[in-house]
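Residue-level listing of the chains:
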Amino acid sequence: MLKVFRFLFPTHTETMPMSVLLLVLRVLFGSLLFVHGVQKLLSFGALSGVFPDPFGLSNPVSLSLVIFAELFCSVAFVSGFMFRLTPLPMIFSMGVALFGIHAADPFAMKELAFVYFAMFVLLYITGPGRYSLDHFIGFGLRSAALSAVPPAAVTTVPENPAPVVS
């Protein structure tokens, strides 16, 4: 269970400039995708009959899933909440658009899907950085776990142990 928490709420600390860069990229690309989701939501009635349905779920269901990915997942993405899960629908949605819906189109038609897909995959690999909700949740969980252990059970290891001479 601890491995699951560490995966979902990473606490490794990047350097401050790297964390700021990750925050800026999350806010920039998450906000841009959010705008696409809002546009789709506002045009739901018009789009629900013509939206591509690559998996045979029906046009309104496919549109609803894309709106979920672009609207709700992008908000979590920007805040860095559940970062190991929330980018997955966005990556999947952009992958379907890039490799499925626009596969036969010229690159100019699928360029935006490619940029989103590449950026979300790269950010997923790097993680949310230290300026994210996951980072704060992870440290909170770690602190709670450490405070639950009786002080006598906690052993400390010296920073620079003396070398053992035989």
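Here, the structure is the one placed above.
Worth saying up front: this structure is predicted, and the values here are computed from it rather than measured.

**Q** In this structure, what is going on with the environment of Gly95? I would like to understand it.
**A** One can find Gly95 in helix H5 (residues 87-101). Given a relative accessible area of 11%, Gly95 falls into the buried group. It is 7.9 Å that separates the C-alpha atoms of Gly95 and Phe114, two residues lying 19 residues apart in sequence. Apart from the residues lying within four places of it in its own chain, the contact partners of Gly95 are Gly100 and Phe117.

**Q** How should a nonpolar patch on the surface be read in this particular structure?
**A** There is a patch of nonpolar side chains on the surface, built from Met1, Leu2, Val4, Phe5 and Leu141 and spanning about 500 Å² of accessible area. No other element matches helix H1 (residues 2-8), which puts three residues into the nonpolar patch. Of note, Met1 is situated in the segment before H1. According to the relative accessible area criterion, Met1 is exposed, its value standing at 72%.

Definitions and limits used
- As a convention, each chain's residues are numbered from 1 in the sequence order in which they are written.
- At least 70 in pLDDT is required for a residue's local features to be given in this predicted model, at least 80 for side-chain atom pairs to be given and counted, and no such filter applies to totals for whole chains, interfaces and linings, which use all residues.
- The side-chain values count all of the structure's non-hydrogen atoms but skip hydrogen atoms and water molecules.
- Helix and strand assignments come from DSSP, with helices taken as H or I runs of at least 4 residues and strands as E runs of at least 2, each series counted from the N terminus.
- Relative accessibility decides the category of a residue: with a 1.4 Å probe and only protein chains considered, values under 20% of the type maximum give buried, values over 50% give exposed, and everything between is partly exposed.
- By definition in these notes, contact holds between two residues if any of their heavy atoms fall within 4.5 Å.
- Patch rule: a residue counts if its relative accessible area is over 30% and it has no salt bridge; like charges are joined within 9 Å, and nonpolar side chains (Val, Leu, Ile, Met, Phe, Trp, Tyr) within 5 Å.
- Using a 1.4 Å probe, the Shrake-Rupley method yields the accessible areas, and only the shown protein chains count as cover for residues.
- What counts as a salt bridge is simple: a side-chain nitrogen of Lys or Arg found within 4 Å of a carboxyl oxygen of Asp or Glu.

Shape descriptors only; they carry no functional weight alone.
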